[in-house]
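# Breakdown of the fold
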Amino acid sequence: MELSGRWRAIVADDNLRRRFSDPSADDDGWVDVEVPHHWRSHPNFASSDGPLLYRRRFDRPAPAKPRSWLHLDGLFYQGDIWLDGAYLGDTEGYFFPHCFEITEALAARSEHLLAIELTCDRPANKKAKRNLTGVFQHWDCIDGDWNPGGIWRPVRLSETGPVRIAKLRVLCTEASAERARVEIRATLDAAEATTVTVTTAIGRPGAAVRETSAEHSLAAGSNQVQWRVPIEQPALWWPHALGDQPLYDVTVRVSLGDGDPSDTCTRRTGLRRFEMKNFTATVNGERLFLKGSKIGRASCRERV
């Protein structure tokens, strides 16, 4: 379920902070905003450095699966999260996604209030910055007055079985015309100790898919699992100057004894091997000349 779209927002003060997360609190005087956004893109907050308070009401029937999750794909930059007046936790980092389990809250009622307090401090000294905000707060091509704070990536709900794929990383560690090898690392969040079957399906979109499966014993909580999958006669990914850019879908499915998937996650990747030795770059064993360009501040402003 997507929770992007219309939210309500207001600049925070000490009085509002104490009561805004209460579902019974009134927000009639707040401003409608469209999320995702940066708050300065809205005329009411165009000169604000925050913090801002956000609220979003939504209806959700009883979940069909055992566990429910709130996903915050990007809050810029530090946030505190409440659901139905109960504090879920804090977030930090604009690109880093955060996830909270909300199984009990969604099972308790059908009407809900999601409340977020969000701040993005302006760096007082750009030579000693504390926030990892990159070019968003220190770049000639962006107005130095700009504050990028806001719910700038989607907010959504999801459901899983007893085991969730909390993180999934896919890395090609070997690539040649005869063979490629993909290394997969996953963090599996289990509600209780159990044994699962992890199935990996790899193939090009619309083409035949090769599947492999293995059993893993999990403890309750977070589990780190790692495995490798070989691919014979792969279609290699090349930079534009050297060839085509075929992609593969890597789908990981976690199942319990009943065979029904508890959770599924897909990553799209290219199969290639990049190396840099003695300042010489190679892709799939072929030498690559790295090119770039430098533009001045004036031309950069013109592009923006």
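Residues numbered from 1 in each chain as written. Predicted model: local features only at pLDDT ≥ 70, side-chain atom pairs only at ≥ 80, totals over all residues. Heavy atoms only, no water.

## Regarding the overall build of the protein
The helix and strand tally for the protein stands at 3 helices and 21 strands. Seen through its C-alpha atoms, the protein measures out along the principal axes to roughly 65 × 60 × 35 Å. Considering the protein as a whole, with its 304 residues, one finds that 44% of them fall into the buried category. A fraction of 68% describes how many contacts in the protein between residues 6 or more apart in sequence connect residues 24 or more apart. In the form shown here, the protein has an accessible surface area of approximately 16,900 Å², with 48% of it arising from carbon and sulfur atoms. Computed over 41 positive and 41 negative side-chain charges, the inter-centroid distance for the protein is 8 Å. (Helix = DSSP H or I, 4+ residues; strand = E, 2+ residues; numbered from the N terminus. Buried < 20%, exposed > 50% of the residue type's maximum accessible area, 1.4 Å probe, protein only. Contact = heavy atoms within 4.5 Å. Areas by Shrake-Rupley, 256 points an atom, 1.4 Å probe, with all protein chains shown as cover. Lys, Arg positive; Asp, Glu negative; His and termini not counted. Charge placed at Lys NZ, Arg CZ, Asp CG, Glu CD.)

## With respect to the pattern of salt bridges
Tallying each qualifying case throughout the model produces 21 salt bridges. When the shortest N-O distance is used, the salt bridge between Asp 27 and Arg 8 registers 3.8 Å. Taken together, the residues span a long stretch of sequence, with Asp 27 in the loop between helix H1 (14-19) and strand S2 (31-35) and Arg 8 in strand S1 (residues 5-11) at a distance of 19 residues. Judged by its relative accessible area of 10%, Asp 27 is buried. (Salt bridge = Lys/Arg side-chain N within 4 Å of Asp/Glu carboxyl O.)

## A few points about the sheet that holds strand S17 (residues 248-255)
What the 4 strands build is an open sheet, ordered S15-S14-S17-S18; its pairing is antiparallel. Edge strands, defined here as strands with exactly one partner in the open sheet, are strand S15 (210-218) and strand S18 (261-269). Averaged over all neighbouring strand pairs, the angle between strand axes comes to 20 degrees, with direction disregarded. (Pairing = 2+ DSSP bridges. Axes fitted to C-alpha atoms, helices over the stretch in contact; angles between N-to-C directions.)

## Remarks on the sheet that holds strand S16 (residues 221-232)
Read across the sheet, 3 strands follow the order S12-S13-S16 without closing on themselves; strand pairing throughout is antiparallel. The open sheet has two edge strands, strand S12 (163-175) and S16, and neither has a second partner. Going from strand to strand, the sheet's axes swing by 15 degrees on average, the running direction of each strand aside. In terms of strand pairing, strand S13 (residues 179-190) meets S16 through 12 bridges, oriented antiparallel. Of the residues in S16, the one forming a bridge with Arg 181 is Pro 230.

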